Each structure stands twice: as C-alpha cells, then as structure tokens.
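# Architecture and fold: a report
Residues per chain, in single letters:
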Amino acid sequence: MKENISVNLVNTARFIPYEEVIALAQKSVRHLDALNAGTGAGSDFLGWLSLPEQILTQMDRIERVAKHLRSVSDTTVVIGIGGSYLGARAVIEALSHSFSSLLRTKHHEIIYAGHNISEDYSSDLLDILEGRNYSIVVISKSGTTTEPAIAFRILKDHLERKAGKTIAADRIIAITDSSKGALRSLSEINGYDTFSIPDNIGGRYSVLTPAGLLPIAIMGIDIRAIVKGAAAMEESTRRNKNASVNPSLLYAAARNLILQSGRPVEIIASFTPQLHYLAEWWKQLFGESEGKEGKGIFPASVDLTTDLHSLGQYIQEGQRILFETMISVRNTRKKITIPAEKDDSDQLNYLSGKRLSEVNLQAETGTVLAHNDGNVPVIMINVPELDEYYIGQLIYFFELACAVSGYIIDVNPFDQPGVEAYKKNMFALLDKPGFEEAAKKLKERLK
Ligand code: PA5
C-alpha cells in the first residue's frame, strides 16, 4: 500500500503547542460529524464529500469524450473561471511537461480562456487558433457567468466560421447545471454533448467532477489514478475520529491556532514550480470559503526558490503577520546531476556529482529553518511524489480541511456572497437591463 501525504508540525511547535493542536483537532471531530450528517452550514453543497465513489460511474464516458476530442483536434480551449477553471489547470500543470507547449513531439495542447476579459488576450488567442484544429470545452455551473459567456460567444463564432456549424457542434462540449442556465439551453438548441455539475457541488469543490476531469483526461492524464488517490484520502480522513492521525483535522486546527496567535496571512509555498497552479486553486478554495463576515485567513502563495529573491525578504523580516504552509515533494520524476568543471572557475565544484533535487531539498530545509528563526511558523505537508495519485490525495485533503476550517471559524464554507458586489457594479456600468437604478447611483459617484 502507498503511504499517504502527511502533516508535520515540528516547525509550528514553538508558536502553538502540539497538545493544543491535538485538542482543537479532536474538538473539530464534531465538524466532521456535521459534514457527514449534513447538519452544518451550507449542507446543500456536500456532494464533493463522496465524489471519489460517485464519479466512478462517469469515468468511461469522460474518457470516451476526451478520446474523441483528441482524435478530431490538436488543441482544446477550456473556457471557465474560478472553480470552473482552476482545478483542471492546477492538475494539468502539476502533471504535464514543464514546457509542453514547446515539445516537438506530437501532443494535444490545452489553452485557457474565459478567466479574464482582456481584449488583447482574446485577440492573441484568436491569432493562435487560426492555425489550429481546435475543440472547445466550456464550463460554467450557473451557465450565466459573464467572463466565460463572452469568451464562448467569441470562440463559438470563430469555430463555426472556421469549421462550419456541424463540425463545430461536434467539437463543443458544455459542462453546466443539469437543467438551468443559458449554457444548458444553448447546448440543447445547438445539440452539444454535455456533462452536468451536480447541484450539491460548488465550483471550487468541483475538480473531481467532469468540470475538472474532462480537461485533465483530454491532456492524457490518468484520471482514474487521481480519483483513487482522492478515495484513499477520503478513507483516512472523512470518518477518522482519531485527530492525531487525521491530516485534514491537524491542518485545519494548526492554521486556526496560528491565526489566533495573531497571524492572519497564510502563504502556501513549494520548491516544486509545477505546483504554481495548485497554489492558485488552493487560494480560491480557502479564500472564497473562509473570507467572509470579517473573518478568515488571507491565502497567499510563493514559488521557491524564485520568490526568495523577491517576497523572501518580507517573509524573513517584514511584519510578523504571516505563517507558511510548505508543500514538500520528496521524489522528483526526473534526474539531473551537476557536472564537475576542471578549473572550478564558478566555484561550484563542491556541488559536482550532486542531484539538483538534493540541492533543492537543502534549500528547502535551510529556508524553513531561517523562516522559523524569523518567527514564521511553518506547517509542512509532505508529499511522497508528484503523480496522479498524490494530486488526488492533496485535492481531497485540502477540500476536507477547508470545510472543517470554515466550521471552526463559524462561517458557511460553501457560499460566496461577496463575489456578487463587483458583478452588480459591472452590469450597472454596462447598462444591463434591470440595473438602471444602480447605474444612476454609480455614474453619479464617478462624476
Ligand atoms: O467556487 C465558485 O463557486 C466560483 O468560483 C465559481 O466557480 C465561479 O464564479 C464560476 O462560476 P460558474 O461555474 O457558475 O461560471
């Protein structure tokens, strides 16, 4: 049996006694119970808890559709924003070649759209798509989000003009609500193949639904291994009432005790650059789930060692308002050894013969110790290797920890009322019908 990812609290002990973490984690078993019984806040959105089994019935179809798109096109544009974008991108970037778009070997390309409204980005994208034989996967649970809706309108028009309506319809897959929303009706009118995001799963918890798994499968990644990893994590956390060996409870408890010690900023850090988008996904998961009612930890991220030459100075010596969560990946997928040089003119011969991973590991250890000396608590999350199975584990581990953490600070971790504020203003400023009153007030303010 493969070992699990684990949480190590050696570098938080100076700031929050281990016994207190265990006590809060043990007390938080009641939040696990509330999740399992569906008696806590947001209980209409708990479908993700059992996704590792529920999704198995759809795997064949997801793989079949992925294979079809791979066979009829060389590129897929994945359109979506927030929870309908970040999960897929996090997994794809973590498990793909770091320079996949530059590889000479024939492979399928994924391009993202609908996560901004930049005219230049969209125009550059159309330039690229002119020379591509592409498909579209458009993802929006509500089916009404402005950013992906605009991108889809532009790309659908482009694809229909380029390939013709019939071929375009064969190459467009919509992932949306099972019955409601503009995207659902558009799909019915145009005869697109569709997948549903279940009513009881919110966007940021949807990576193990077709919203995440279809784009990941299109990239040729083994989605069954991801789900297997998530299932193993579910097995060791969801009903595990022994807090000292339940990583999700330990992590949720530790970060909240650190918050209570006066550190409201959590920086997720890693020496594995492939995890950049996993950090983006994590920021959305925790930021949208906890940041409400004037509460919550502000989630930030750094890529190391890159940012040691940038934000590293602040982490070491700036305001003591932060703590770090280090995702430490033990084994690399590939091997490179530092060569020796006869005259040692760059004075690096003391490293010759060493693997880069060994140097990276010592950089990580040195950084953790330095930050600790600078009064930064560091939670370590140890990951044996970066593969499908452990990405699945990380996803479930963080999702469960986030839900428990939200309950610890007494917020509903499954809603996002604050996201509406900018939308109302944008609609009013764009003269959307129904927003006339708000438009008048805003335009007055802007005079
Ligand atoms: O987590 C969430 O619920 C949000 O981030 C949504 O995923 C995001 O707003 C996109 O929504 P939709 O999928 O409805 O287009």
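Here the structure is a predicted model, which means the values were calculated and not measured.

### Some remarks on the packing of helix H6 (residues 119–130) against helix H7 (residues 146–163)
The N-to-C vectors of H6 and H7 enclose an angle of 25°; their axes lie 12 Å apart at closest approach. Between H6 and H7, the angle is such that the two are roughly parallel. Of the two elements, H6 crosses H7, and the hand of that crossing is right-handed. Together, Leu 125, Leu 126, Leu 129 and Glu 130 of H6 and Ile 154, Leu 155, His 158 and Lys 162 of H7 make up the contact between the two elements. Considering only residue class, the contact of H6 with H7 consists of five nonpolar, one polar and two charged.

### As for the sheet that holds strand E2 (residues 75–79)
Consider a sheet: its strands pair through backbone hydrogen bonds, and that pairing is either parallel or antiparallel. Strand order in the open sheet made by the five strands is E3-E2-E4-E5-E6, with parallel pairing throughout. Of all the strands in the sheet, the pair left with one neighbour each is strand E3 (109–113) and strand E6 (193–196). Adjacent strand axes in the sheet meet at a mean angle of 20°, parallel and antiparallel pairs treated alike. Relative to strand E5 (residues 172–176), strand E4 (residues 134–140) is paired through five bridges, and the arrangement is parallel. Pairing of Val 138 across the sheet is with Ala 174, part of E5. Helix-sheet contacts for helix H4 (residues 59–72) involve E4, E5 and E6, and the interaxial angle to E6 is about 145°.

### Considerations on the site of the ligand
Around the ligand, the surrounding shell holds 13 residues, and the nearest of these are Ser 84, Ser 140, Ser 142, Thr 145 and Gln 284. A distance of 2.5 Å separates an oxygen atom of the ligand from a polar atom in the side chain of Thr 145. Between the ligand and the protein, one listed contact pairs an oxygen atom with a backbone N or O atom of Gly 203 at 3.4 Å. Starting from 380 Å² of accessible surface for the ligand in isolation, the protein chains cover 88%. More than half of the atoms of the ligand fall within 2 Å of the grid points belonging to the second largest pocket. Taken together, the residues of the shell around the ligand break down into one nonpolar, nine polar and three charged.

### Digging into unusual backbone geometry
When glycine is set aside, most residues are seen to have a negative phi, and most peptide bonds are trans. The amide bond that connects Leu 304 to the next residue, Thr 305, takes the cis arrangement and shows omega of 5°. Tracing the chain through its elements places Thr 305 in the loop between strand E8 (298–303) and helix H14 (312–317). Located in the positive-phi region is Asp 344, a residue other than glycine, with phi close to 50°. Considering the arrangement of structural elements, one finds Asp 344 in the loop between strand E9 (322–331) and helix H15 (356–373). On the accessibility criterion, Asp 344 (25% relative accessible area) is partly exposed. Even without glycine at this site, Asp 431 takes up a positive phi of about 60°. Relative to the helices and strands, Asp 431 resides in the loop between helix H17 (420–429) and helix H18 (436–446).

### Remarks on empty space enclosed by the protein
One pass over the structure, following the stated rule, counts one cavity of 30 Å³ or more. Taken as a whole, the largest cavity spans an internal volume of roughly 80 Å³. Lining the largest cavity, in full, are Ile 268, Ala 269, Ser 270, Thr 272, Leu 275, His 276, Ala 279, Val 302, Asp 303 and Ile 327. For the lining of the largest cavity, the secondary-structure elements that each account for two or more residues are strand E7 (265–270), helix H13 (276–290) and E8. Sorting elements by how many residues they give to the lining of the largest cavity places E7 first, with three residues. Split by residue class, the lining of the largest cavity holds six nonpolar, three polar and one charged.

### Here's the deal with the sheet that holds E7
Ordered by their spatial adjacency, five strands build an open sheet running E1-E10-E9-E7-E8, and the pairing between neighbours is mixed. Among the strands making up the open sheet, the edge pair consists of strand E1 (6–8) and E8. Mean inter-strand twist for the sheet, computed between neighbouring axes without regard to direction, equals 25°. Summarising the sheet, E7 and E8 pair through six bridges and their orientation is parallel. Note on E8: the bridge partner recorded for Ile 267 is Ala 300.

Thresholds, definitions, all that
Residues numbered from 1 in each chain as written. Predicted model: local features only at pLDDT ≥ 70, side-chain atom pairs only at ≥ 80, totals over all residues. Heavy atoms only, no water. Axes fitted to C-alpha atoms, helices over the stretch in contact; angles between N-to-C directions. Helix = DSSP H or I, 4+ residues; strand = E, 2+ residues; numbered from the N terminus. Parallel < 35°, antiparallel > 145°, perpendicular 65-115°, else oblique. Left-handed = near helix turned anticlockwise from the far one by under 90°. Contact = heavy atoms within 4.5 Å. Nonpolar A, V, L, I, M, F, W, Y, C, P; charged D, E, K, R; others polar. Pairing = 2+ DSSP bridges. Near = heavy atom within 4 Å. Polar contact = N/O pair within 3.5 Å; in protein donor to acceptor, adjacent residues only side chain to side chain. Areas by Shrake-Rupley, 256 points an atom, 1.4 Å probe, with all protein chains shown as cover. 1 Å grid on protein atoms, 1.4 Å probe; cavity = no way out; pocket = protein on both sides within 12 Å on 5 of 7 lines; lining within 4 Å. Sits in = over half its atoms within 2 Å of the grid points. Buried < 20%, exposed > 50% of the residue type's maximum accessible area, 1.4 Å probe, protein only. Points joined across faces, edges and corners; volume = space filled by probe spheres on them.

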